[in-house]
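# Descriptive analysis of the structure
The primary structure of each chain is shown beneath.
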Amino acid sequence: MCLGIPGQIIEVTDPDRMMAMVEISGVRREVNVAPIMGDDIGSVVGKWALIHVGFAMSEIDEDEAAKTLEALRELGEVQEELDAMAMTQQALGGAA
C-alpha cells in the first residue's frame, strides 16, 4: 500500500539538496521538500506535510495531520511505517 504519513518539518538540513528533517510521532527522518517548497526553503519549517518515500508530497494543516495520524493509528498502519523508519535510521547510524 502506498501511504503518505503526516510529519512536521522541524529544520532545513541541506538547502542545496532541498532536504529537511521531519518528525513523525517522535521519529525523525530527512526528506526532500522540493514538492512543497516555494522560493524560500526556510518557509517550510514548522509546516505539516504528507511524507512518502522520502519526499514531502503535499502540505496539510495541523488539524488534518492530527486527524490523519489518528485514523492511521486506528488502522494499525502508522506503527508499521514508523518502525520501518526507525530501523532505517538505526541502520544509517543515526538516532531515531
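The structure contained in this document is the topic of the report that follows.

Rules used in this analysis
- Residues numbered from 1 in each chain as written.
- Predicted model: local features only at pLDDT ≥ 70, side-chain atom pairs only at ≥ 80, totals over all residues.
- Heavy atoms only, no water.
- Helix = DSSP H or I, 4+ residues; strand = E, 2+ residues; numbered from the N terminus.
- Rg over C-alpha atoms; globule rule 2.2 N^0.38 Å.
- Buried < 20%, exposed > 50% of the residue type's maximum accessible area, 1.4 Å probe, protein only.
- Contact = heavy atoms within 4.5 Å.
- Areas by Shrake-Rupley, 256 points an atom, 1.4 Å probe, with all protein chains shown as cover.
- Lys, Arg positive; Asp, Glu negative; His and termini not counted.
- Charge placed at Lys NZ, Arg CZ, Asp CG, Glu CD.

## Overview of the overall build of the chain
- Across its full length, the chain holds 2 helices and 5 strands.
- Reading the helices (α) and strands (β) of the chain from amino to carboxyl end gives β-β-β-β-β-α-α.
- The C-alpha radius of gyration computed for the chain amounts to 13 Å, which stays within 12% of the reference 12 Å derived for 96 residues, consistent with globular compactness.
- Dimensions of the chain along its principal axes, counting C-alpha atoms only, are 35 × 35 × 20 Å.
- For the chain, with 96 residues in total, the buried portion stands at 32%.
- Summarising the internal contacts of the chain: among those between residues at least 6 apart in sequence, 43% fall at separations of at least 24.
- For the chain, the accessible area works out to roughly 5,600 Å², and carbon and sulfur atoms hold 50% of it.
- Taken together, the 6 basic and 18 acidic charged side chains of the chain have centroids lying 2 Å from each other.

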